[in-house]
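The lines below spell out each chain.
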Amino acid sequence: MKQARDKSNGEIIDAESLKHIYEDGLSEYECIDEACRIKLLPCSYKPINKVRPYFKSLDGKNHKDLCKFSEYLKLLEKAKNRALTESEMEDMPFPTKFKKVKQKSGEDTIFKSSIVGEEKVGQGGIRKKTSGDFVEIFNKSKVVASISPIVDFYIKCPFNRNVELEIEKTFKMYMYWFKRIEKPLSTGNYKGKRIFFGRLHTSNRKIIETEETLEIALYECEAWEKGGKNKSAVQINPFIVNIDKSLISKNKVTRIKNEIQYAVGDKINAFKDKKKHAYLFFWGEVPTKDEPYKFKVLEGALVARYTQILPTIQ
Ligand SMILES: [Zn+2]
């Protein structure tokens, strides 16, 4: 499991942040569903661990019958092979709204800015994230503060991408929010703000970090041309994913680099699998005329996954 609740303070944390928490000492963890709360063990959180950090239950112990979170994970598995029924979807806590909640230093804005308008936050489901950037919300209102669960729903539910997702007061079906970066600019029809995704190179040299920015060159480009060493193909105008480091915390930059490492590591280890790739997903903006191949990441919202992306099936 990717998330758990810290028993000492009730915060919901992402397994990914265990690498940072580890330095200050780990806590005890439990399932995030209030009706379940089985004990969960943190795994693979040491810096030397190559596998992405995760939580597991003790000795394969099952979640309680009423546990919505584990039901959700089971439904996600089913959703890969068939469309989920309306009644299955009704109870499913899939994300319906993406909302960044910035935490200003020294000011407790979390509750004020999270419980606004129509959103009723059930069962005390709001928790501050220990990484310090944002709060993570996973609850009945289905509002999430990270794109991670949104990306997982998109990947795992190719039959159900017609459900609506709200971002910045705009409602669109999942399938229209997501946009694959693959075609040249002239035919790619890249517009506005989207959750863009494209394939990562397996080479570290394609990631360039300076004081101000982190830039990741994607495998996708305007064209390939022969002319490299030994007549190998070289990229013409690769698409670049640009992250402005001044807008996010140092921890977040490290997390982003870790994310990429996990996905690329998985790809390298399973090089024979031609269907799966290391993908970068980010909430971002299309390139401007001045920098026609550069996509800008908004609010540091970026995740990487080693996966196969199935076409949308309706
Ligand atoms: Zn549970």
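Summary of the structure given here. As the structure is a prediction and not an experimental result, all values here were calculated from the model.

1. Let's talk about empty space enclosed by the protein
Rolling a probe over the atoms, with the probe sized like a water molecule, indicates the empty space that remains.
Working step 1: Under the defined criterion, the tally for this structure stands at 4 cavities of 30 Å³ or more.
Working step 2: Taken as a whole, the largest cavity spans an internal volume of roughly 240 Å³.
Working step 3: Taken together, 21 residues make up the lining of the largest cavity; nearest its centre are Asp 14, Ser 148, Arg 255, Glu 259 and Val 303.
Working step 4: Sorting the residues of the lining of the largest cavity by element identifies α8 (250-269) and β18 (294-307) as the ones contributing at least two each.
Working step 5: The element best represented in the lining of the largest cavity is β18, accounting for 5 residues.
Working step 6: Looking at the lining of the largest cavity residue by residue, the class counts come to 8 nonpolar, 3 polar and 10 charged.
Working step 7: Among the domains, domain 1 (1-66) and domain 2 (181-307) are the pair contributing at least three residues each to the lining of the largest cavity.
Working step 8: Approximately 60 Å³ is the volume attributed to the second largest cavity.
Working step 9: What lines the second largest cavity is simply Leu 200, His 201, Thr 202, Ser 203, Asn 204, Lys 206, Ile 207, Ile 216, Ala 217, Ile 260 and Val 264.
Working step 10: Considering only residue class, the lining of the second largest cavity consists of 6 nonpolar, 4 polar and 1 charged.

2. Remarks on unusual backbone geometry
Working step 1: We note that Arg 37 has phi near 55°; this positive angle belongs to a residue other than glycine.
Working step 2: Among the secondary structure elements, Arg 37 is positioned in the loop between β3 (29-30) and β4 (39-43).
Working step 3: Relative accessible area serves as the criterion here: at 41%, Arg 37 is assigned to the partly exposed category.
Working step 4: In this structure, Lys 169 takes a positive phi of about 65° despite not being glycine.
Working step 5: With respect to the helices and strands, the residue Lys 169 is situated in the loop between β10 (164-167) and β11 (170-173).

3. Here's the deal with the sheet that holds strand β2 (residues 12-14)
Working step 1: In space, the 5 strands of this open sheet follow the order β2-β1-β3-β4-β5, with antiparallel pairing throughout. Edge strands, defined here as strands with exactly one partner in the open sheet, are β2 and β5 (54-57).
Working step 2: With 3 bridges joining them, strand β1 (residues 3-6) and β2 adopt antiparallel strand pairing. Paired with Ala 4 across the strands is Ile 13, a residue of β2.

4. Regarding α8
Working step 1: Between its first and last C-alpha, α8 extends 28 Å over 20 residues, near the 28 Å set by a 1.5 Å rise per residue.
Working step 2: Listed as buried for α8 are Lys 252, Val 253, Arg 255, Ile 256, Asn 258, Glu 259, Ile 260, Tyr 262, Ala 263, Val 264 and Lys 267.

5. Looking at the coordination of the zinc ion
Working step 1: Taken together, the protein ligands of the zinc ion are Cys 31 (SG), Cys 36 (SG), His 63 (ND1) and Cys 67 (SG), with distances of 2.0 to 2.4 Å.
Working step 2: Each of the 4 donor atoms around the zinc ion contributes to a set of angles spanning 104 to 115°, which defines the coordination as tetrahedral.
Working step 3: On the primary sequence, the residues serving as donors to the zinc ion are separated as C-x4-C-x26-H-x3-C.
Working step 4: Judged by its relative accessible area of 18%, His 63 falls in the buried class.

6. Things to note about the packing of helix α2 (residues 68-78) against helix α5 (residues 148-156)
Working step 1: Following both chains from N to C, one finds α2 and α5 inclined at 35°, their axes separated by 8 Å at the closest point. Only Pro 149, Phe 153 and Lys 156 of α5 make contact with α2, whose side of the interface consists of Tyr 72, Leu 76 and Glu 77.
Working step 2: Per-class residue counts for the contact of α2 with α5 are 4 nonpolar, no polar and 2 charged.

7. Regarding the sheet that holds strand β15 (residues 213-226)
Working step 1: The sheet built from 7 strands is open, its strands ordered β12-β13-β17-β18-β16-β15-β14 with mixed pairing. Each having just a single partner strand, β12 (178-180) and β14 (207-209) make up the two edges of the open sheet. On average, each strand axis in the sheet is inclined to that of its neighbour by 35°, with strand direction left out of account.
Working step 2: In this structure, β14 lies alongside β15, joined through 3 bridges in antiparallel fashion. Along β15, the bridge assignment pairs Ile 208 with Glu 215.
Working step 3: On the sheet, α5 packs against β12, β13 (193-199), β17 (277-285) and β18 and is oriented at approximately 50° with respect to β18.
Working step 4: Across the sheet, α8 touches β14, β15, β16 (233-244), β17 and β18, and the angle it forms with β18 is around 35°.

8. Let's talk about the pairing of β13
Working step 1: Of all 7 residues making up β13, 5 are buried, and the element is well covered by its neighbours.
Working step 2: Bridge analysis of β12 against β13 gives 3 bridges, and the strand direction is parallel. From the neighbouring strand, Lys 179 faces β13, where its bridge partner is Phe 196.
Working step 3: Where β13 lies against β17, 7 bridges are found, and the strand directions are antiparallel.

Analysis parameters
Residues numbered from 1 in each chain as written. Predicted model: local features only at pLDDT ≥ 70, side-chain atom pairs only at ≥ 80, totals over all residues. Heavy atoms only, no water. 1 Å grid on protein atoms, 1.4 Å probe; cavity = no way out; pocket = protein on both sides within 12 Å on 5 of 7 lines; lining within 4 Å. Points joined across faces, edges and corners; volume = space filled by probe spheres on them. Helix = DSSP H or I, 4+ residues; strand = E, 2+ residues; numbered from the N terminus. Nonpolar A, V, L, I, M, F, W, Y, C, P; charged D, E, K, R; others polar. Domains from an automatic or database assignment. Buried < 20%, exposed > 50% of the residue type's maximum accessible area, 1.4 Å probe, protein only. Pairing = 2+ DSSP bridges. Expected span 1.5 Å × (residues − 1). Donors = N, O, S within 2.8 Å, 3.2 Å for Na, K, Ca; no water. Tetrahedral: all angles 85-135°; square planar, octahedral: opposite > 155°, others 65-115°. Axes fitted to C-alpha atoms, helices over the stretch in contact; angles between N-to-C directions. Contact = heavy atoms within 4.5 Å.

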